[in-house]
Amino acid sequence: MKTQKNGKVSDLREQKSPVSRALDILKEVYPLSGEMVLDRILKEDNPRELIRGLPHEDFFWLAKKVGDNDCLTLLELASQDQWQYLLDLEVWRKDRLNPDHAFKWLERLKQADPDGLARWLFGEGRAFAQLYFFNSIQVVIKEEDEVFKPDEDFIAFDGVFYFRVLDKRHSETIENILRAMAEYDLERYQAMLLGLAGVLPAEIEEDMYRIRNIRMAEHGFLPFDEALSVYAPLDAGTISSQEPGESAHIFTDEKKRSLVPLSPLYHAGGPNLLTETFSRITDSLLLDRIRLEFAGLCNQILSADSIVADDIEVLIKTCRKAAGYLNLTLEKLCGEDLALAGRLLRDQSLVSVFRVGFGLALKLKWEAEAWLKKSWFYARNLEFGFWGEAWGYTLTGLLENKPRFYMGLKEGEEYKDFEGLTELDTCHRLINRLRVLDRLLARLTGLYPLDETIIQSPRLTFHRLLFNFWARQLLKLEPCFSSISPAQAREFFGHIRAGKEAPPYRISEFKQKFVGDFMALDSSLEAEDAETLKETLSLVWEEFGEEYQWVSTSDLDGRFMKFIQIKS
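Residues numbered from 1 in each chain as written. Predicted model: local features only at pLDDT ≥ 70, side-chain atom pairs only at ≥ 80, totals over all residues. Heavy atoms only, no water.

Describing the packing of aromatic side chains
One pass over the structure, following the stated rule, counts 44 aromatic pairs. Their ring planes at 25 degrees and their centres at 5.6 Å tell us that Y30 and Y266 sit as a pair that is stacked. Of the two residues, Y30 sits in the loop between α1 (18-29) and α2 (34-42) while Y266 sits in helix α15 (residues 263-266), which places them 236 residues apart along the sequence. With a centroid separation of 5.3 Å and an interplanar angle of 75 degrees, the aromatic rings of Y325 and F354 are classed as edge-to-face. Of this pair, Y325 sits in helix α18 (residues 312-334) while F354 is found in helix α20 (residues 350-374), placing the two residues 29 residues apart along the sequence. The exposure classification of Y325 matches that of F354, with both residues buried. Directly above the aromatic system of W105 lies the positively charged group of R108, at a separation of 4.5 Å from the ring centroid. In this structure, R497 is placed above the aromatic ring of Y505, and the distance from its NZ or CZ to the ring centre is 3.9 Å. (Phe/Tyr/Trp six-rings, centres within 6.5 Å; stacked < 30°, edge-to-face > 60°. Helix = DSSP H or I, 4+ residues; strand = E, 2+ residues; numbered from the N terminus. Buried < 20%, exposed > 50% of the residue type's maximum accessible area, 1.4 Å probe, protein only. Lys NZ or Arg CZ within 6 Å of the ring centre and 35° of its normal.)

The structure is reproduced here in structure tokens:
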């Protein structure tokens, strides 16, 4: 039973542990808008305790969910350790502190909690303050009994330490931050300004970056060179069942378990074999270990991809990438056996499981590259678009440094990372189709030389080579790949439509002849390749039929013909 009193939510059914409560809250707020997330958190009896009890990753995810410019309430409720984690991710670009990003987050922290910001800048953020203010302000110290007339843009809160902001756009914010520091502790404020004269910025920045990397490594953010190991392919045969490692038993009390991030695994996507396996895990210690490993895996991928996690969609996409390759491995090794998949996740590190999945995609890429180097179309310097839009884009994605799957414009993106064996199988079948088609075209152009002006045409596709050649053959014209006239095009379509006078024009009667004529050109194909070529030519014919089934003969226009080239 739940009651609400004074806008606060109380659960009278049971007193849940902080970990379970945090998980419930996160599951509840992620589908909500940023404003509704804040409203929901503020209805808790103790929102500060809730926020400060979140693992650093979950706090960062929540801030991104709400939005950088709207998360002031979260910053006010957060601990300084959570601030530090956020700043470690937000204000560094490679090994350099980004002054613009640093300013924006200092401005937000000042608005959220000026005293808290002052405490942090005097404490754990002391090096950050020294480096930032060294680059942002000029300090002049008034000597005792000195008659000092500073320029108008110099400011002093104590009549001794004068400063001016070097970038006028930031004057008000930096002045307010320094004012908050002076009001919080004047002596330490003066000591900080006095110490700026002895700052060696390169040394401070290098030391800050080193310490930041140590902190980040604890969460899986490894240096780039080390993080790349996540993409080192691992053969599926190297994964064998073994006893769980020590990591499966590291969570011995509620305090340690409260550090386990919940958000990354929640956004793993699905449904698929991986998420179904997760849902059936009843061992809470194992599930916590998997959550921790999955968060570390996602962070390592972010490091390896040099991705700036500046938006929650970037984080979600990375989680789904990690989950996709994990699922790929489970489908390959476990089929539909949920119990076997559970044992695999129990006995192997998620990084190893990911590497096996990525290795499957990489192996297919290498197969495509090996064919490409020996292919006819590559030797003629043709672009991937020669194979048509869908097939060309699929080949493009597969041959990227990190292979991706082409899915058109579904979900607003053309490409995504592989998530299942069906996607790998789709690409594998495509490579086989392209391989036998390429062999057919090599054979065809060997018998009937191809004019170089045709090769150089920007609109050239394999469709036009096949259908122009076959149309000329059907019309008993000279066998070659040249375009046909509008009159010849009308005659061709009239012939294959067999007297049909109204759309949709069905041309299935000529499918067997189209396929048979090209199959007859190469009788030395092995049985499997012959069957692949037959299926591929049949598919091409069906696409041709669908393209023109509603186009009347009188409406044929060479400017819009995808499959046949018609003379102007």
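Side note on α18
Compared with the 33 Å implied by 1.5 Å per residue over 23 residues, the 32 Å span of α18 between its first and last C-alpha is a close match. Looking at the residues trailing α18, positive phi occurs at G335, about 60 degrees. (Expected span 1.5 Å × (residues − 1).)

Notes on the environment of I204
Along the chain, the position of I204 falls in helix α12 (residues 201-217). For I204, a relative accessible area of 15% gives the class buried. Residues I204 and A127 lie 77 residues apart in sequence; the distance between their C-alpha atoms is 6.8 Å.

Some words on the environment of P201
When you line up the elements, P201 lands in helix α12. Here the alpha-carbon distance between P201 and Y132, two residues 69 residues apart in the chain, equals 9.2 Å. Not counting residues up to four positions away in its chain, the partners in contact with P201 are L131 and F134. (Contact = heavy atoms within 4.5 Å.)

Description of empty space enclosed by the protein
Summed over the entire model, instances satisfying the criterion amount to three cavities of 30 Å³ or more. Put simply, the largest cavity is a space of about 100 Å³. Along the wall of the largest cavity there are 14 residues; nearest its centre are W61, F221, N299, L302 and L315. Taken together, the elements giving at least two residues each to the lining of the largest cavity come down to α4 (56-66), α6 (80-90), α17 (284-304) and α18. Here the lining of the largest cavity is composed, by residue class, of eleven nonpolar, two polar and one charged. As for the second largest cavity, its lining consists of F493, I496, R497, Y505, I507, F544, G545, Y548 and Q549. (1 Å grid on protein atoms, 1.4 Å probe; cavity = no way out; pocket = protein on both sides within 12 Å on 5 of 7 lines; lining within 4 Å. Points joined across faces, edges and corners; volume = space filled by probe spheres on them. Nonpolar A, V, L, I, M, F, W, Y, C, P; charged D, E, K, R; others polar.)

Focus on the nonpolar core
The biggest cluster of nonpolar side chains holds 172 residues, and the ones touching the most others in it are F133, W387 and F544. With twelve residues, the top contributor of residues to this core is α20. Setting aside its immediate chain neighbours within four residues, F544 contacts F467, F492, F493, I496, I507, F563 and I564. (Core = buried A, V, L, I, M, F, W, Y, C linked by side-chain atoms within 4.5 Å.)

Remarks on the packing of α2 against α4
Relative to each other, α2 and α4 sit at 130 degrees, their axes nearing to 7 Å. By the criterion of interaxial angle, the relationship of α2 to α4 is oblique. Side by side, α2 and α4 meet where G34, V37, L38 and I41 of the first sit next to L62, K65 and V66 of the second. The class makeup of the residues in the contact of α2 with α4 is five nonpolar, one polar and one charged. (Axes fitted to C-alpha atoms, helices over the stretch in contact; angles between N-to-C directions. Parallel < 35°, antiparallel > 145°, perpendicular 65-115°, else oblique.)

Section: the side chain of R289
Within the secondary structure, R289 sits in helix α17. A distance of 2.8 Å separates the side chain of R289 from the backbone oxygen of R346, its partner in a polar contact. (Polar contact = N/O pair within 3.5 Å; in protein donor to acceptor, adjacent residues only side chain to side chain.)

Observations concerning unusual backbone geometry
In the segment running from G270 into P271, the intervening peptide bond is cis, with an omega of 5 degrees. Within the secondary structure, P271 is located in the loop between α15 and α16 (273-279). At the junction of P503 and P504, the peptide bond is cis and its omega measures out at -5 degrees in the coordinates. Structurally, P504 is set in the loop between α26 (486-496) and α27 (511-519). Positive phi outside glycine occurs at N381, with the angle close to 60 degrees. Note on N381: relative accessible area 66%, which makes it exposed. Positive phi, normally seen in glycine, also occurs at K476, with a value near 60 degrees.

Examining the pairing of strand β7 (residues 161-165)
The buried fraction of β7 is high, at four of five residues. Sheet topology places strand β5 (residues 137-141) next to β7; five bridges connect them, and they run antiparallel. Residue pairing for β7: Q138 is matched across the bridge by R164. Pairing analysis gives two bridges linking strand β6 (residues 155-156) to β7, with the strands arranged antiparallel. Paired with I155 across the strands is F163, a residue of β7. The hairpin formed by β6 and β7 contains four residues between the paired strands, and G159 there has a positive phi angle of roughly 75 degrees. (Pairing = 2+ DSSP bridges.)

Notes on the side chain of D88
By secondary structure assignment, the location of D88 is in helix α6. Exposure remark for D88: the relative accessible area of 2% places this residue in the buried category. Not counting residues within four places of it along the chain, the set of residues in contact with D88 comprises R212, R215 and M216.

Regarding the pattern of salt bridges
Oppositely charged side chains may form a pair once their charged atoms are brought near each other. Summed over the entire model, instances satisfying the criterion amount to 30 salt bridges. Between D88 and R215 there is a salt bridge, and its shortest N-O distance comes to 2.8 Å. Pair noted here: D88 is in helix α6 and R215 is in helix α12, with a separation of 127 residues, a long-range link. Between K321 and D305 there is a salt bridge; the shortest N-O distance is 2.9 Å. Here K321, found in helix α18, pairs with D305, found in the loop between α17 and α18; they are 16 residues apart in sequence, far enough to count as distant. The residues K321 and D305 share a single accessibility class, namely buried. Each of E28, R40 and E44 takes part in salt bridges that share partners, so that together they form one network. (Salt bridge = Lys/Arg side-chain N within 4 Å of Asp/Glu carboxyl O.)

Thoughts on the packing of helix α7 (residues 99-112) against helix α8 (residues 114-122)
Interaxial distance between α7 and α8 falls to 5 Å at its minimum, and their mutual angle equals 125 degrees. Considering their axes alone, α7 and α8 lie oblique with respect to each other. Side by side, α7 and α8 meet where L106, L109, K110 and A112 of the first sit next to P114, L117 and L121 of the second. Here the contact of α7 with α8 is built from residues that sort into six nonpolar, no polar and one charged.

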